[in-house]
Amino acid sequence: MTWRDINFIREVKSSLVFKFLSVLISFLLVRLLLKYLGASNYGLWSVILTFLNWVIFFDLGITNGVKNKLSESLSKSNKTLGKKYISTGYIATFSFSIISYLIILIFSFLIDWQSVFNEYNFSNDYLRELVLIILFFTLLNFSLSMINAVFNAVQKASLITVNQFLTQVFTLTSLFILIRFTQSDLHTLALLYGCSMLISNILLSIWFYSKNKELLPEFKAYDKTLLKPILSLGLRFFILQTTMMVILTTDRFIIVHLTNAEEVAKYDVINRYFNILLIIHTLINTPLWPMYTEAYHKGDYNWLERIMRKMFYLGLIYVMAILIMIFVGEFVLEIWLGENVLEVLKSNFAFMGVLVFFNICHSILAYFTNGIGKTSIQLITSLLGAILNIPISIFLVNYFNLGINGVMIATIICLSFFCIIGPFQVIKEIRILKTNYLNAQKNE
């Protein structure tokens, strides 16, 4: 067992408890939000959060670029360069956030928000103010979330789990306060929800940089010449993020326009139910990205081959888990939501289970290719999926009357492109690395 394996196991074990608690809290949050807002307003809340999170996708891949470059720098024991990448990354993301907020603020007065969200129970001004409140906190939190890229690069992904857990705790506390002292109000919810997002990032950033002063970001460490390598690598991630945004995060937006907000609530609930599996998978998959980067640059093809084989076997376990979750889904929802339970069909569980499986397969392959910087094939397949996702969704919903199932089927089809081609690329890249290593050994 290599030191990389030992670190991977340690990181996964360190994350388990916090992930488990985060899952429990997320389930409780859904139940409390449904109680506080009702199904229709909960659906609107879910759509607005999704809509504003799209803004973060347009960061030109800065955070992922910093993550890869920082990981590469640290693999060469160059902490001075690493500090420069971190400092440059923070300044770039804060600049992006300020510019984005000002642009949307200016144009927000020209947008018919009622039409955007297909929601006419609230005035246009009310919806615009709600969007601007959530946007402010989302962008500020996005900049502070650079700490998560640093955690990844230093191979301490378990700290990301701690960060997520603390955010959930603060959000849950805020929601209890709202239910106890206020009536259902989206503006108040947005304010407290936004503050909850920030606290955890601030606390963990102070803690980490106080212990790792050599990586502490400083304005004088900003190096504009590093923006080019960050953006050069990040631009590929940006395009990938944008295409994956269209494939994975437009479902709620499509559903609210083709059906209604209550259908969005159904989709959101079963999505969160199966999210348990995605959370577990993320727990395992997240630490691997920087490890792939390091192993690739060191030519460790044996480790890469062994890990990818284990991830394949893990996929078989996911299949069994999904089948069980489909079978017990209705029973779990009755216990979970109580009096707020929604009428969800067995077919809804089945298609969401398949969607989650393809999502997991896609992420296994994407983390490998992203880690080694070979993203061309993923880019082509993702771009094709992004182009087809919305038209296929509309076609299946309008012409076959499949409702949310049609939207999920469209997403499955679009994810399948890379899931089919990706394995061949992984095998090819490992073989090339192995051949190069053996040729180098012969020449010595």
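Residues numbered from 1 in each chain as written. Predicted model: local features only at pLDDT ≥ 70, side-chain atom pairs only at ≥ 80, totals over all residues. Heavy atoms only, no water.

A. Structural context of the overall build of the protein chain. Along the backbone of the protein chain there are 16 helices and zero strands. Projected onto its principal axes, the C-alpha positions of the protein chain cover 75 × 50 × 40 Å. Looking at the protein chain as a whole, 54% of its 444 residues are labelled buried. Here the analysis covers contacts within the protein chain between residues at least 6 apart in sequence; of these, 84% occur between residues at least 24 apart. Surface accessibility of the protein chain: about 20000 Å² in total, with carbon and sulfur atoms responsible for 67%. In the protein chain, the 34 positive side-chain charges and the 25 negative ones have mean positions that sit 12 Å from each other. (Helix = DSSP H or I, 4+ residues; strand = E, 2+ residues; numbered from the N terminus. Buried < 20%, exposed > 50% of the residue type's maximum accessible area, 1.4 Å probe, protein only. Contact = heavy atoms within 4.5 Å. Areas by Shrake-Rupley, 256 points an atom, 1.4 Å probe, with all protein chains shown as cover. Lys, Arg positive; Asp, Glu negative; His and termini not counted. Charge placed at Lys NZ, Arg CZ, Asp CG, Glu CD.)

B. Here's a closer look at the packing of aromatic side chains. A complete count under the given rule lists 18 aromatic pairs for this structure. Here Tyr273 and Phe274 contribute two aromatic rings whose centre-to-centre distance is 5.0 Å and whose plane-to-plane angle is 70°, an arrangement assigned as edge-to-face. For Tyr273, a relative accessible area of 3% corresponds to the buried category. Judged by its relative accessible area of 0%, Phe274 is buried. (Phe/Tyr/Trp six-rings, centres within 6.5 Å; stacked < 30°, edge-to-face > 60°.)

C. Examining the pattern of salt bridges more closely. The tally for this structure, following the rule as stated, stands at eight salt bridges. Of the charged contacts, one joins Lys79 and Glu214 as a salt bridge, the two residues approaching to 3.4 Å between their closest N and O atoms. Of this pair, Lys79 sits in helix H3 (residues 79–107) while Glu214 sits in the loop between helix H8 (186–211) and helix H9 (227–248), and the two are 135 residues apart along the sequence. Salt-bridge contacts for Asp125 lead to Arg128; the nearest nitrogen and oxygen are separated by 3.8 Å. Taken together, the residues Asp125 and Arg128, both in helix H5 (residues 124–144) and three residues apart, mark about one turn of the helix. For Asp125, a relative accessible area of 47% puts it in the partly exposed group. Bridged by salt links that share partners, the residues Arg252, Asp268 and Arg272 form one connected network. (Salt bridge = Lys/Arg side-chain N within 4 Å of Asp/Glu carboxyl O.)

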